[in-house]
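Here are the chains, one letter per residue:
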Amino acid sequence: MSQLYRPNRRSFLGGGLALGATLALSACGASSSRSGSTTTKALTGDFDSADIDWKQFSGTEITFSAMSHPWVNAIQPHLKEFTELTGITVKPQILGEAQYVSKIAVTLAGESTTPDVYLVYQLGQAVSSGWLEPLDTYLDDPKLTDAAWYDWKNDVFPGAQSFASTDGTPYVAPITTEVQVVYTNTDHVPTGPKTFDDLVKAAAAANSGDVAGIGMRAVANPSEAPWPYAGFAFTHGGYLIDPDGRPALDSAENVAALTLYSDLLKDYGPKGVTGWGWLENNESMGQGRQAMWTDTSTFLGGLRDPATSQIADKVAAHPFVSLDGASIPNFWFWTAGINAKSKNKGAAWLFLQWATSKPLAAAAGAAGTSPARASAWEGSTISKTLGQDNVDRVLGSLRTADATPMALAWKHERWAEISDSLARTVNAAVAGTGSPADLLRSTQQDALKAIGS
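Residues numbered from 1 in each chain as written. Predicted model: local features only at pLDDT ≥ 70, side-chain atom pairs only at ≥ 80, totals over all residues. Heavy atoms only, no water.

Caption draft 1: Local environment of the overall build of the chain. Within the chain, the regular secondary structure consists of 20 helices and nine strands. Here the C-alpha atoms of the chain give a radius of gyration of 21 Å, agreeing with the 22 Å that 2.2 N^0.38 yields for 453 residues. Principal axes of the C-alpha set define a box for the chain whose edges measure 65 × 50 × 35 Å. Nonlocal contacts in the chain, meaning residues at least 24 apart in sequence, comprise 82% of its contacts between residues at least 6 apart. In the form shown here, the chain has an accessible surface area of approximately 16600 Å², with 47% of it arising from carbon and sulfur atoms. (Helix = DSSP H or I, 4+ residues; strand = E, 2+ residues; numbered from the N terminus. Rg over C-alpha atoms; globule rule 2.2 N^0.38 Å. Contact = heavy atoms within 4.5 Å. Areas by Shrake-Rupley, 256 points an atom, 1.4 Å probe, with all protein chains shown as cover.)

Next up, the structure:
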């Protein structure tokens, strides 16, 4: 990449604009991130001020199933407090990501009555398969929910509310909100890049024998490479799945995006990056072996933690870069929902309401996660953990960036198959085993087959 990248966004507007919408592969793999220490401090929050009877299902036992995740780690120390408040016993079942993903789908497809509440991995599949209990009746029932106290409509980020709903009906409660950012080591990149040109310049200037100019995911895993690549595609004006629900992977916009993504890693990326996912990038960034990394905001807590990061006082998070004045980063919203076959739905809702309330969001934010509630970002605790400048920049993106392209893809019921092919394409482009145009053309054909077209 000897020359600066200078495509004209308008020159690509004639191409197909396709998006993508479903699945829950997250900021992909962020489920296991080291995003800060779990707090065991008692919750601060007046639960008694909620105008509901917390004891109405006292004596009930419910099962909560989830993969290992920073948010899960943050709320677990408080489960005894929930039992004291409600009389409901929560039995947690926490598995590693790979084991959880394979097991939860089989369990729900078998119409098991447990778990009662679970961390949702593939939202589109869960909704279309009838695995989730709609939440509108619970949100609207004054015996079960104090709307003013829970403050869903005003406090939960609009993008998270939208993602949680299908055809206007909420099926899940958002637990974290993640947006694609650019992490920089200020020793090597003093000022955050604002455009793709800036990103290329900074990567080239910082690249050396000891420090890679930039790292990004490239491993051929559907929960890895497609996620950060998507921000490149969206900002170029492309879609992965378009608003009509059809794949648009081989558009001119996406070809330009993949060309830039792969060239950056080939020219300035770490050695062996074709096998790298979020974990390798996270460790490399934290050890000061790469100057930049674009990925989910949920890793900021770990990178700012001196116990896990050698650059804790040097790392900065910046909004995703722009092209022709437009920046459309990728998003992710981890969510939890109620099993449609649960026999304890009332108790399950009280737990879900408690677990996604303002006090729990604040506790999770203090532990370094990326809460889905604006109020959790406005306290002094999270600013001390993440740094006020970082909080302001990330919060600005969470409030204003357009999450529609992401939702179209990751909520699509066939996104699991489509993302698998896309992951292999990104990997091949970085490895240099095919041109981005040819690779995306093949991926488009795979995607059309997946939707039966």
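What follows picks up the thread again.
Caption draft 2: Summary view of unusual backbone geometry. At the junction of Thr114 and Pro115, the peptide bond is cis and its omega measures out at 5 degrees in the coordinates. By the element assignment, Pro115 lies in the loop between helix 3 (97-109) and strand 3 (117-120). Its identity is not glycine, yet Asp151 carries a phi of approximately 55 degrees, on the positive side. Within the secondary structure layout, Asp151 lies in the loop between helix 6 (147-150) and helix 7 (152-155). Although it is not a glycine, Asp167 adopts a positive phi angle of roughly 55 degrees. Counting through the fold element by element, Asp167 comes out in the loop between strand 4 (165-166) and strand 5 (169-170).

Caption draft 3: Expanded view of the environment of Thr166. Tracing the backbone through its elements, the reader meets Thr166 in strand 4. We classify Thr166 as partly exposed; its relative accessible area is 24%. As a C-alpha pair, Thr166 and Pro134 span 32 residues in sequence and 9.7 Å in three-dimensional space. (Buried < 20%, exposed > 50% of the residue type's maximum accessible area, 1.4 Å probe, protein only.)

Caption draft 4: Just helix 15 (residues 358-366), in detail. Listing the buried residues of helix 15 in full gives Pro359, Leu360, Ala361, Ala363, Ala364 and Gly365. On its buried face, helix 15 sits against helix 1 (70-75), helix 14 (345-355) and helix 16 (380-386). After helix 15 finishes, the residue Gly368 shows a positive phi value of roughly 100 degrees.

Caption draft 5: Structural context of the pairing of strand 1 (residues 61-67). Burial analysis of strand 1 places six of its seven residues in the buried class, the great majority of the element. Pairing geometry for strand 1 and strand 2 (residues 89-95), over seven bridges, is parallel. Note on strand 2: the bridge partner recorded for Ser65 is Gln93. Pairing between strand 1 and strand 3: two bridges, direction parallel. Residue pairing for strand 3: Phe64 is matched across the bridge by Val117. (Pairing = 2+ DSSP bridges.)

Caption draft 6: Highlighting the packing of aromatic side chains. Evaluation of the coordinates by the stated rule reveals 25 aromatic pairs. Judged by centre distance (6.1 Å) and plane angle (35 degrees), the ring pair of Tyr138 and Trp349 falls under tilted. Here Tyr138 is found in helix 5 (residues 136-139), whereas its partner Trp349 is found in helix 14, with 211 residues between them in sequence. Residue Tyr138 is classed as buried on the basis of its relative accessible area of 9%. An angle of 65 degrees between the planes, with centres 5.5 Å apart, marks the rings of Phe163 and Trp332 as edge-to-face. You can see Phe163 sitting in helix 8 (residues 158-164) and its partner Trp332 sitting in strand 9 (residues 331-338), a full 169 residues away along the chain. The pair Phe163 / Trp332 is uniform in exposure class, with both members buried. An aromatic cluster of three or more residues is present, and its members are Tyr121, Phe163, Phe331, Trp332, Phe333 and Trp334. Positioned above the aromatic ring of Tyr150 is the side chain of Arg373, whose terminal nitrogen or guanidinium carbon lies 4.9 Å from the ring centre. (Phe/Tyr/Trp six-rings, centres within 6.5 Å; stacked < 30°, edge-to-face > 60°. Lys NZ or Arg CZ within 6 Å of the ring centre and 35° of its normal.)

Caption draft 7: Layout of the environment of Glu61. Tracing the backbone through its elements, the reader meets Glu61 in strand 1. The partly exposed category is assigned to Glu61, whose relative accessible area is 49%. Sequence separation of Glu61 and Leu95 is 34 residues, and the distance between their C-alpha atoms is 20 Å. If we ignore the near neighbours within four places in the chain, the residues touching Glu61 are Thr89, Lys91, Asp116 and Asn344.

Caption draft 8: Structural context of the side chain of Ser309. Within the secondary structure, Ser309 sits in the loop between helix 13 (300-303) and strand 8 (315-319). Side-chain polar atoms of Ser309 contact the backbone nitrogen of Ala312, separated by 3.4 Å. For Ser309, the contacting residues outside a window of four places in its chain are Gly286, Gly302 and Leu303. (Polar contact = N/O pair within 3.5 Å; in protein donor to acceptor, adjacent residues only side chain to side chain.)

Caption draft 9: Spotlight on the environment of Leu279. Considering the arrangement of structural elements, one finds Leu279 in helix 12 (residues 278-286). In the structure, Leu279 is positioned 75 residues away from Trp354 in sequence and 31 Å away in space, judged by C-alpha atoms.

Caption draft 10: Representation of the pattern of salt bridges in the model. Within the structure shown, the criterion is met by eleven salt bridges. Note that Lys314 is salt-bridged to Asp187, the shortest N-O span being 2.9 Å. Taken together, the positions of Lys314 in the loop between helix 13 and strand 8 and Asp187 in the loop between strand 6 (173-185) and helix 9 (196-206) put the pair 127 residues apart, joining distant regions of the chain. Between Asp263 and Lys266 there is a salt bridge, with the nearest N and O atoms lying 3.7 Å from each other. Within this pair, Asp263 and its partner Lys266 are both found in helix 11 (residues 252-268), separated by three residues, close to a single helical turn. One network of salt bridges, with partners in common, ties together Arg217, Glu224 and Asp295. (Salt bridge = Lys/Arg side-chain N within 4 Å of Asp/Glu carboxyl O.)

In short, shape yes, function no, at least from these values alone.
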